[in-house]
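Residues per chain, in single letters:
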Amino acid sequence: MELLLLYLSLALAFFKIGLFGFGGGYAMLSLIQHEIVVTHQWISVEDFTNIVAISQTTPGPIAFNSATYIGYSAVTDSGFSHLAGIIGSAICTLSVSVPSLILMTIVFLFFKKLSKSQMLQAVLQFLRPAVIGLIAAAALMLVTPDNFVDVKSWAIFGIVAIASLKKADPILLIALSGVAGFFLY
Amino acid sequence: MNKYRQYYELFSVFFKIGAFTFGGGYAMISLIRNEVTQKRKWLDDEEFMDMLAIAQSLPGPISLNTALFVGNKRKGFKGSLFAGAGIIVPSFVVILLIALVFAQFKDNLVVKKVFLGIRPAVVALIAAPLFSLGKAANLNWQNLWIPVLVAVLVWKFSVSPVFIVLGTVMLGIAWFILSKRNPNQ
């Protein structure tokens, strides 16, 4: 019973993330973090940042990756079995995809009209800058004492930010930061 | 038999895209475009661009939205199920394996050190694209208040991004209706 309730609240949270996650990728992060870390506290900020790191080095969108990971870890951390965790991760992954399936099926019917719609353009004119704000919030929410333990953390942050602006490969940057972490701490 | 082959083809094309694009986003789009418009001619270029505009303005991961649209165009609703599954399955399998393994090693000292180095890098990787995204979204001194306000509300006041998205959409619709009434402005 307890497990069913956990499944249900995971499914609802990820359905919500799929339904309101505009802008893809990083823009969805603040929403995922708000639901998973702030509201339900299924995982810590520290673990959430680890998931984002894993997500950046593995194929697939962050929304799926975090759904799969959190579905498993939230269930097993509550004391349930591995199998229950795997089912949890399937439930979360499906829940985050269902809103897209419903919306794209509807959109397909009105496609020609919608792509020329002036109202959509007006909405996007506000949504695009808002999405930038959501990404900024996602970054700011991750600036916590657990993620930035000392001045060395900020040095890594600064170097990676500059390298990334110079179009360095993100996977390489993460690998190098991991090596740096091993030697610095 | 031929019918099944087309479903399988949809699944396998998007499986390949799901398995080999890291970090999601724009690298993925050029790969999808190559497969769908050049190699297979499922969509022409103009259709693809219109579809992309819609896939980006709807909630949910852009790659999933794109897969669902192309699947629907090829074989209707069932086609979109197969294409969508193709995108989801690779990242699901990879992340599930990582979740199973990572749970055992999370408290290992070496892993802890490595992730201590990685976490600030993750925050940098999220923050760095803000500049180029800001340019792409036509940010200027007149609309800069939108992302700043959004970031502060979500970060400092824990406002759910759901409300930000709903509010922005309503603002866009209101703007559209008002500017229709006063075409001079």
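Residues numbered from 1 in each chain as written. Chains lettered and ligands numbered in written order. Predicted model: local features only at pLDDT ≥ 70, side-chain atom pairs only at ≥ 80, totals over all residues. Heavy atoms only, no water.

**Regarding the overall build of chain A**
Next up, step 1: Tallying secondary structure elements over chain A gives nine helices and zero strands in all.
Next up, step 2: Along the first, second and third principal axes, the C-alpha atoms of chain A reach 55 × 45 × 25 Å.
Next up, step 3: Among the 185 residues that make up chain A, the fraction classed as buried is 56%.
Next up, step 4: Once local pairs closer than 6 in sequence are excluded, the contacts in chain A between residues at least 24 apart make up 61%.
Next up, step 5: Carbon together with sulfur atoms contributes 73% to the accessible area of chain A, which is approximately 7700 Å² in total.
Next up, step 6: One finds the centroid of the 8 positive side-chain charges in chain A at a distance of 26 Å from the centroid of its 8 negative side-chain charges. (Helix = DSSP H or I, 4+ residues; strand = E, 2+ residues; numbered from the N terminus. Buried < 20%, exposed > 50% of the residue type's maximum accessible area, 1.4 Å probe, protein only. Contact = heavy atoms within 4.5 Å. Areas by Shrake-Rupley, 256 points an atom, 1.4 Å probe, with all protein chains shown as cover. Lys, Arg positive; Asp, Glu negative; His and termini not counted. Charge placed at Lys NZ, Arg CZ, Asp CG, Glu CD.)

**Things to note about the packing of aromatic side chains**
Next up, step 1: Enumeration over the complete set of coordinates arrives at ten aromatic pairs over all chains.
Next up, step 2: One aromatic cluster in this structure is built from Tyr-69 of chain A together with Phe-102 and Phe-115 of chain B.
Next up, step 3: The positively charged end of Arg-40 of chain B is found above the aromatic ring belonging to Trp-42 of chain B, 5.8 Å away from the centroid.
Next up, step 4: Looking at Lys-113 of chain B, its charged tip hangs above the ring of Phe-182 of chain A, at a distance of 5.6 Å from the centre. (Phe/Tyr/Trp six-rings, centres within 6.5 Å; stacked < 30°, edge-to-face > 60°. Lys NZ or Arg CZ within 6 Å of the ring centre and 35° of its normal.)

**Section: the domain arrangement of chain A**
A common way to report how large an interface is uses the accessible area buried once the components associate.
Residue and element names in this part refer to chain A.
Next up, step 1: Once the domains are mapped, chain A shows domain 1 (2-144) and domain 2 (148-185).
Next up, step 2: Look at where the C-alpha atoms of domain 1 and domain 2 centre, and you get two points 26 Å apart.
Next up, step 3: Counting residues at the interface gives six residues for domain 1 and four residues for domain 2.
Next up, step 4: For the pair domain 1 and domain 2, the summed buried area comes to about 420 Å², and 74% of that belongs to carbon and sulfur atoms.
Next up, step 5: Applying the counting rule to domain 1 against domain 2 returns zero salt bridges.
Next up, step 6: Joining domain 1 to domain 2, the criterion identifies one residue pair in polar contact (both at pLDDT 80 or more).
Next up, step 7: Taken together, the residues of the side of domain 1 that touches domain 2 break down into three nonpolar, three polar and no charged. (Domains from an automatic or database assignment. Buried area = accessible area lost by both parts, 1.4 Å probe. Salt bridge = Lys/Arg side-chain N within 4 Å of Asp/Glu carboxyl O. Polar contact = N/O pair within 3.5 Å; in protein donor to acceptor, adjacent residues only side chain to side chain. Nonpolar A, V, L, I, M, F, W, Y, C, P; charged D, E, K, R; others polar.)

**Comments concerning the packing of helix α1 (residues 2-20) of chain A against helix α5 (residues 82-109) of chain A**
Residues and elements named next belong to chain A.
Next up, step 1: Contact geometry for α1 and α5: axes closest at 8 Å, N-to-C directions at 30°. In the packing of α1 onto α5, the handedness of the crossing is right-handed. Two secondary-structure elements touch here, α1 through Leu-3, Tyr-7, Leu-10, Ala-11, Phe-14, Phe-15, Ile-17, Gly-18 and Leu-19 and α5 through Ala-84, Ile-87, Gly-88, Ile-91, Cys-92, Ser-95, Val-96, Val-98, Pro-99 and Leu-103. (Axes fitted to C-alpha atoms, helices over the stretch in contact; angles between N-to-C directions. Left-handed = near helix turned anticlockwise from the far one by under 90°.)

**Some remarks on helix α8 (residues 161-181) of chain B**
Next up, step 1: The end-to-end C-alpha separation of α8 of chain B is 30 Å, in line with the 30 Å expected for 21 residues at 1.5 Å each.
Next up, step 2: Of the positions making up α8 of chain B, those classed as buried are Pro-161, Val-162, Ile-164, Val-165, Thr-168, Gly-172 and Phe-176 of chain B. (Expected span 1.5 Å × (residues − 1).)

**Observations concerning the environment of Pro-59 of chain A**
Next up, step 1: Position of Pro-59 of chain A among the secondary structure elements: in the loop between α3 (45-57) and α4 (62-77).
Next up, step 2: On a C-alpha basis, the gap between Pro-59 of chain A and Lys-113 of chain A in space is 34 Å, while along the polypeptide they are 54 residues apart.

**Digging into the interface of chain A and chain B**
Next up, step 1: Listed by partner, the interface residues are 93 residues for chain A and 86 residues for chain B.
Next up, step 2: Overall, the association of chain A and chain B removes approximately 8400 Å² of surface from exposure, summing both partners, and the carbon and sulfur fraction of that is 81%.
Next up, step 3: Viewed at the interface, chain B and chain A are joined by one salt bridge.
Next up, step 4: Note that Arg-119 of chain B is salt-bridged to Glu-46 of chain A, the shortest N-O span being 3.6 Å.
Next up, step 5: For the pair chain A and chain B, the number of links is eight residue pairs in polar contact (both at pLDDT 80 or more).
Next up, step 6: Considering every element that reaches the side of chain A that touches chain B, the biggest residue donor is helix α7 (residues 118-141) of chain A, with 21 residues.
Next up, step 7: When its residues are assigned to classes, the side of chain A that touches chain B shows 57 nonpolar, 30 polar and six charged.

**Quick word on the nonpolar core**
Next up, step 1: Formed by 108 residues in total, the largest nonpolar core has its most connected members in Leu-10, Phe-14 and Ile-36 of chain A together with Phe-14 of chain B.
Next up, step 2: With 14 residues, helix α4 (residues 62-105) of chain B is the largest single contributor of residues to this core.
Next up, step 3: Apart from residues lying up to four places away in sequence, Phe-14 of chain B is in contact with Ile-32, Val-36, Ala-67, Val-70, Ala-83, Gly-86 and Ile-87 of chain B. (Core = buried A, V, L, I, M, F, W, Y, C linked by side-chain atoms within 4.5 Å.)

**Concerning the packing of helix α2 (residues 25-39) of chain A against α7 of chain A**
Residue and element names in this part refer to chain A.
Next up, step 1: Direction vectors running N to C along α2 and α7 enclose 50°, while the axes themselves pass 7 Å from each other. Between α2 and α7, the interaxial angle falls into the category oblique. Here the hand of the crossing between α2 and α7 comes out left-handed. Where α2 approaches α7, its residues Tyr-26, Ala-27, Leu-29, Ser-30, Gln-33, His-34 and Val-38 are matched on the opposing element by Val-131, Leu-134, Ile-135, Ala-137, Ala-138 and Met-141.
Next up, step 2: Among the residues forming the contact of α2 with α7, the class breakdown is ten nonpolar, three polar and no charged. (Parallel < 35°, antiparallel > 145°, perpendicular 65-115°, else oblique.)

**Thoughts on a nonpolar patch on the surface**
Residue and element names in this part refer to chain A.
Next up, step 1: Residues Phe-15, Val-98, Ile-102, Ile-106, Leu-109 and Phe-110 make up a contiguous nonpolar surface patch of about 550 Å² in total accessible area.
Next up, step 2: Considering every element that reaches the nonpolar patch, the biggest residue donor is α5, with four residues.
Next up, step 3: Mapped onto the elements, Ile-106 comes out in helix α5.
Next up, step 4: Relative accessible area serves as the criterion here: at 42%, Ile-106 is assigned to the partly exposed category. (Patch = residues over 30% accessible without salt bridge, like charges linked within 9 Å, V, L, I, M, F, W, Y side chains within 5 Å.)

**Quick notes on the side chain of Ser-63 of chain B**
Next up, step 1: Structurally, Ser-63 of chain B is set in helix α4.
Next up, step 2: The contact partners of Ser-63 of chain B, leaving out residues within four places of it in the chain, are Pro-61 of chain A together with Met-28, Ile-32 and Ile-87 of chain B.

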